[in-house]
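Given next are the chains, with one letter for each unit.
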Amino acid sequence: MTKQSRIFLAGHRGMVGSAVLRALKANGYENILAKTSSELDLRNQNQVNSFFQKHQPSIVIDAAARVGGILANRDYPYQFLMDNLLIQNNLIDASVRQGVEKFIFLGSSCIYPKHAPQPLKEEYLLTGPLEETNSWYALAKIAGVKACEAIRKQFGKEFVSLMPTNLYGPHDNFDLHTSHVLPAMIRKFHEAKEEGSAVELWGTGTPMREFLHVDDMASAILFAMENTLPESIYNVGTGKDLSIKDLASMIQHITAHHGPIHFDPTKPDGTPRKLLDVSKLKILGWKDSIDLEEGVRLTYQWFLDHQKGYKEVKL
Ligand SMILES: NC(=O)c1ccc[n+]([C@@H]2O[C@H](COP(=O)([O-])OP(=O)(O)OC[C@H]3O[C@@H](n4cnc5c(N)ncnc54)[C@H](OP(=O)(O)O)[C@@H]3O)[C@@H](O)[C@H]2O)c1
Ligand SMILES: C[C@@H]1O[C@H](OP(=O)(O)OP(=O)(O)OC[C@H]2O[C@@H](n3cnc4c(=O)[nH]c(N)nc43)[C@H](O)[C@@H]2O)[C@@H](O)[C@H](O)[C@@H]1O
């Protein structure tokens, strides 16, 4: 590949896609194809095939998906299963047919079994039952990972799956029903500070989570694009986690909120822990660089700067 290679970045307006777009431009890639979902609905196979025939990309980065936090996953199982299957199947199949050189698929740490040993190694995939709230999304992602593995096996093409941990950063979704925990906390603590009120959080606060800044995720994607990775699946994270309660204390401090915090145990906790073993990608030379506290400060500042225009994904 060269700096002139034609790269199709699917989902370029999303949190991950926009970080990848910034990183591609900063690294001198000039030939980037990008379409919004209203210009090109990736669930539509005819549209996707026509787009690939017309533009002939040589590299595809799939950052397009139906994405959401624990309640969105629980409440919209069909969209999380079917939209993701359709989007990834159309992209993967068109890429095989058009002879794409390299395809980067994004899975998620929730594809591993709910009670797998920690930290999670890539080889634990399909060794036990999934967590209930996000099993629909996880099943779709597992199908994508396996499709890439099959293509590598059968055709020897560089189709690679990266398994990101929970991500956060600029252009995250701040809708209080559909978002992930970190952006929800930033908004809840900020608004409670303004109103002088308590903060209501979900579950018991005991689950452990790992968080990676999206600019680090983008650097992992560029690393996977620019290097030949010998295997088909790589975890991407920091290798460090903390409890939801500790995350709440950190964000309360950063947002300067001083009231009480209440946890609502009628809301789901989800997986007790999903810490990734990131040694496989680290050995090859990639490493995260943004410390969690610094990343949350940067994201809170981004939220303050974009309060009128931040994203709220309604389902
Ligand atoms: N966020 C996380 O914590 C996390 C963790 C692990 C893995 N991931 C993975 O990372 C990837 C990106 O996630 P994200 O957080 O960046 O999500 P996001 O902010 O919600 O962005 C998703 C993107 O997908 C596009 N999209 C959705 N449906 C589409 C359709 N039918 N046709 C065309 N485009 C469509 C959207 O395009 P428009 O804006 O044009 O509508 C949007 O830009 C996903 O594969 C996700 O599973 C995310
Ligand atoms: C990376 C993603 O992880 C997702 O799992 P998962 O970490 O539990 O998803 P999150 O929605 O980030 O929730 C993480 C933890 O934070 C708790 N939590 C506390 N307060 C809140 C709140 O106000 N909003 C949210 N959203 N959570 C909150 C939630 O109960 C759960 O234990 C999967 O559902 C996706 O499919 C995906 O894999």
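Residues numbered from 1 in each chain as written. Chains lettered and ligands numbered in written order. Predicted model: local features only at pLDDT ≥ 70, side-chain atom pairs only at ≥ 80, totals over all residues. Heavy atoms only, no water.

Identification of the protein chain as GDP-L-fucose synthase from Litoribacter ruber is taken from an unreviewed UniProt entry. Within the UniProt record for the protein chain, the comment given under Pathway (unreviewed entry) is "Nucleotide-sugar biosynthesis; GDP-L-fucose biosynthesis via de novo pathway; GDP-L-fucose from GDP-alpha-D-mannose: step 2/2." (UniProt positions renumbered as here; feature names shortened; annotations may be inferred.)

A separate point is the UniProt feature "active site" (unreviewed entry) in the protein chain. UniProt tags Tyr137 as "active site" (unreviewed entry). For Tyr137, the location among the structural elements is in helix α5 (residues 135-155). Under the relative-accessibility criterion, Tyr137 is labelled buried at 11%. Each residue touching Tyr137, except ones within four places of it in the same chain, is listed here: Arg66, Asn73, Phe80, Asn84, Ser108 and Cys110. (Helix = DSSP H or I, 4+ residues; strand = E, 2+ residues; numbered from the N terminus. Buried < 20%, exposed > 50% of the residue type's maximum accessible area, 1.4 Å probe, protein only. Contact = heavy atoms within 4.5 Å.)

Glancing now at the packing of aromatic side chains. Tallied over the entire structure, the rule returns eight aromatic pairs. Members of the aromatic cluster, connected to one another through ring pairs, are Phe174, Tyr300, Trp302 and Phe303. Directly above the ring of Phe263 sits Lys245, whose terminal nitrogen or CZ lies 6.0 Å from the centroid. When the ring centre of Tyr234 is taken as reference, the NZ or CZ atom of Lys280 above it lies at 4.8 Å. (Phe/Tyr/Trp six-rings, centres within 6.5 Å; stacked < 30°, edge-to-face > 60°. Lys NZ or Arg CZ within 6 Å of the ring centre and 35° of its normal.)

Cross-referencing UniProt, the feature "site: Important for catalytic activity" (unreviewed entry) maps to Ser108 and Cys110 in the present numbering. Of the annotated positions mentioned, Cys110 line the largest cavity. By the element assignment, Ser108 lies in the loop between β4 (102-106) and α5. You can call Ser108 buried: its relative accessible area is 11%. (1 Å grid on protein atoms, 1.4 Å probe; cavity = no way out; pocket = protein on both sides within 12 Å on 5 of 7 lines; lining within 4 Å.)

A few words on helix α1 (residues 15-26). Here α1 is twelve residues long and its end C-alpha atoms lie 17 Å apart, about the 16 Å a rise of 1.5 Å per residue gives. Contacts from the buried residues of α1 go to β1 (7-10), β2 (32-33), β3 (59-62), β4, β6 (166-168) and α7 (214-226). With its phi angle positive at about 85 degrees, Gly28 sits one or two positions after the end of α1. (Expected span 1.5 Å × (residues − 1).)

A few words on the pairing of strand β7 (residues 199-202). On β7, burial follows the alternation: Val199 and Leu201 on one face are buried, whereas Glu200 and Trp202 on the facing-out side are not. In this sheet, strand β12 (residues 261-264) lies alongside β7 in parallel orientation, the contact comprising four bridges. Counted as the bridge partner of Trp202 is Asp264 from β12. (Pairing = 2+ DSSP bridges.)

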